[in-house]
Amino acid sequence: MNAEVLISAAVILITIIIATYVMNRYRADRGKRKAGKKSTGQEKKYMIKAPDILKAGLPCGCFAGLTNIIFILSQVYDWKYVGQIDEIIFFMICFSTFTGFMLLGIILACYGYIWKIEFDESGIIYRSALGVTKRFRLEDITRYTEKRRRKYKFYQGDKRLFQYETDAMGDVYELPILLKRLGITGEELIPSDRDHCIVEPMAVQKALPILGAIGYGVFLIILIVSGDGKLWMYLLLGGVFLSTIYYTGSYLCDKTEVKDKIYRKEFLKKTRSVEFSQITDVKEYKSKADKEYLIINIKDGKPIKIRKHNENINILMDRLNDERKHFASYGKKKTHL
């Protein structure tokens, strides 16, 4: 077995050992801190932590970092079984990609292991992903905003104190309850009620096509810079890249606003406005690819097709149920919701 393979295997093994050691050490230290807080009576009643899945960023970041080191060493020492890169642009693209994944893993790990909020009636202890701890009183919060009941931002006047997502673990809804007792209610940033709501894909649904477009774009640039690709490779990768761009635009521009009418906006299409009296039928549809949609049939017009798993879809369906008596076909045939 050659030296390059041995070094690569050793680096991967060291990555796993380091990640396992750090995680075990953190758990042990966390147990000691928790015991210390209990003994001093400083532990708060409620706690909010980042999802455990973010802790996977540690081994992923270590792996990406050490892979970057292997890549650099292979180019500096001209390893036999690793292709050498002559173009500086191609080298920088590879280096930047590995470095980006490393930094992303480190950031996610910092949130997974360090970020935390502890609170009760006596006050709030907020610890950032960098380990900086801040203390607040409940009275310091003068207002807070909520975005579709998925993200809370807390302010003292116009100064933002801290924020968190409801996807976090722990007592995510207890702090708004405590503030409500003080007469502070949430300010809704994006309408999410029956009279006015916006139905659009969730943030994670928008992020995945964007990441895919970036990934395929990087590979396409690498293929073009290297100049080693065949025509069919360019056509295939270019087609996949353009398809990903289209789906990215489709998710980013997918927006349905419901007020006195239904206003539908789609990628590369003009905004449509539909009266409830123009609706003839509403039904659910599942495609062969197991994608679910809400189909709103329009009299003398093209049906409105909305992704079933968009945010606020339940509010839209409730509103449609309330408006059934205004449908053009009401009383003539059964309307399926």
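What comes next concerns the included structure. Note that the structure is predicted; figures quoted are calculated from it, not measured. (Residues numbered from 1 in each chain as written. Predicted model: local features only at pLDDT ≥ 70, side-chain atom pairs only at ≥ 80, totals over all residues. Heavy atoms only, no water.)

So, about helix α6 (residues 231–252). For α6, which comprises 22 residues, the first-to-last C-alpha distance of 31 Å matches the rise-based estimate of 32 Å (1.5 Å per residue) to within 8%. Every buried residue of α6 is accounted for by Leu237, Gly238, Thr244, Thr248, Gly249, Ser250 and Tyr251. On its buried face, α6 sits against α5 (203–226) and β16 (301–307). (Helix = DSSP H or I, 4+ residues; strand = E, 2+ residues; numbered from the N terminus. Expected span 1.5 Å × (residues − 1). Buried < 20%, exposed > 50% of the residue type's maximum accessible area, 1.4 Å probe, protein only. Contact = heavy atoms within 4.5 Å.)

Membership of the largest hydrophobic core comes to 23 residues, with the highest contact counts inside it found for Ile117, Ile124, Phe154, Phe162, Tyr164 and Leu175. Elements supplying a minimum of two residues to this core: β1 (46–49), β2 (116–120), β3 (123–127), β6 (151–156), β7 (159–165) and α4 (174–181). In contact with tyrosine 164, not counting residues within four places along its chain, are Ile48, Trp115, Ile117, Arg150, Lys151, Tyr152, Phe154, Val172, Leu175 and Pro176. Counting 19 residues, the second largest nonpolar core, distinct from the first, contains Cys197, Val199, Ile279 and Ile298. (Core = buried A, V, L, I, M, F, W, Y, C linked by side-chain atoms within 4.5 Å.)

The next point concerns the sheet that holds strand β13 (residues 272–274). Strands belonging to one sheet form pairs held by backbone hydrogen bonds; the direction of such a pair is parallel or antiparallel. Taken together, the four strands give an open sheet; going across it, the order is β10-β11-β12-β13, and neighbouring strands pair in antiparallel fashion. Each end of this open sheet is capped by a strand with a single partner; those strands are β10 (197–199) and β13. Each strand of the sheet is rotated relative to its neighbour by a mean of 20 degrees, with strand direction disregarded. Sheet topology note: the strand β11 (residues 255–258)/strand β12 (residues 262–265) ladder contains four bridges and is antiparallel. Considered in β12, the bridge of lysine 255 is made with lysine 265. Its contacts with the sheet put helix α7 (residues 313–322) on β10, β11 and β12, and the angle it makes with β10 is roughly 120 degrees. (Pairing = 2+ DSSP bridges. Axes fitted to C-alpha atoms, helices over the stretch in contact; angles between N-to-C directions.)

This part covers a nonpolar patch on the surface. A surface patch of nonpolar side chains, about 560 Å² in accessible area, is lined by Val204, Leu208, Ile210, Leu211, Ile214 and Leu252. Counting residues per element, the nonpolar patch draws most heavily on α5, which supplies five residues. (Patch = residues over 30% accessible without salt bridge, like charges linked within 9 Å, V, L, I, M, F, W, Y side chains within 5 Å. Areas by Shrake-Rupley, 256 points an atom, 1.4 Å probe, with all protein chains shown as cover. Salt bridge = Lys/Arg side-chain N within 4 Å of Asp/Glu carboxyl O.)

Taken in spatial order, the five strands make up an open sheet running β4-β3-β2-β1-β8, and their pairing is antiparallel. If you trace the sheet from one side to the other, it starts and ends with β4 (133–136) and β8 (169–170), each paired once. In this sheet, β3 lies alongside β2 in antiparallel orientation, the contact comprising five bridges. Looking at the pairing, aspartate 120 lines up with glycine 123 of β3. The sheet strands contacting α4 are β1, β2 and β3, and the helix crosses β2 at an angle near 35 degrees.

For α7, the full list of buried residues reads Ile313, Ile315, Leu316, Met317, Arg319 and Leu320. Next to the buried residues of α7 lie β10, β11, β12, β14 (279–286), β15 (292–298) and β16.

Let us look at the pattern of salt bridges. The full count for this structure, using the stated rule, is 17 salt bridges. Linking lysine 151 and glutamate 165 is a salt bridge whose minimum nitrogen-to-oxygen distance equals 3.5 Å. With lysine 151 in strand β6 and glutamate 165 in strand β7, the pair connects residues that are 14 residues apart, well separated along the chain. Accessibility expressed as a relative area gives 35% for glutamate 165, which makes it partly exposed. Among the charged side chains, a salt-bridge network with shared partners connects Arg194, Asp195, Arg319, Asp322 and Glu323.

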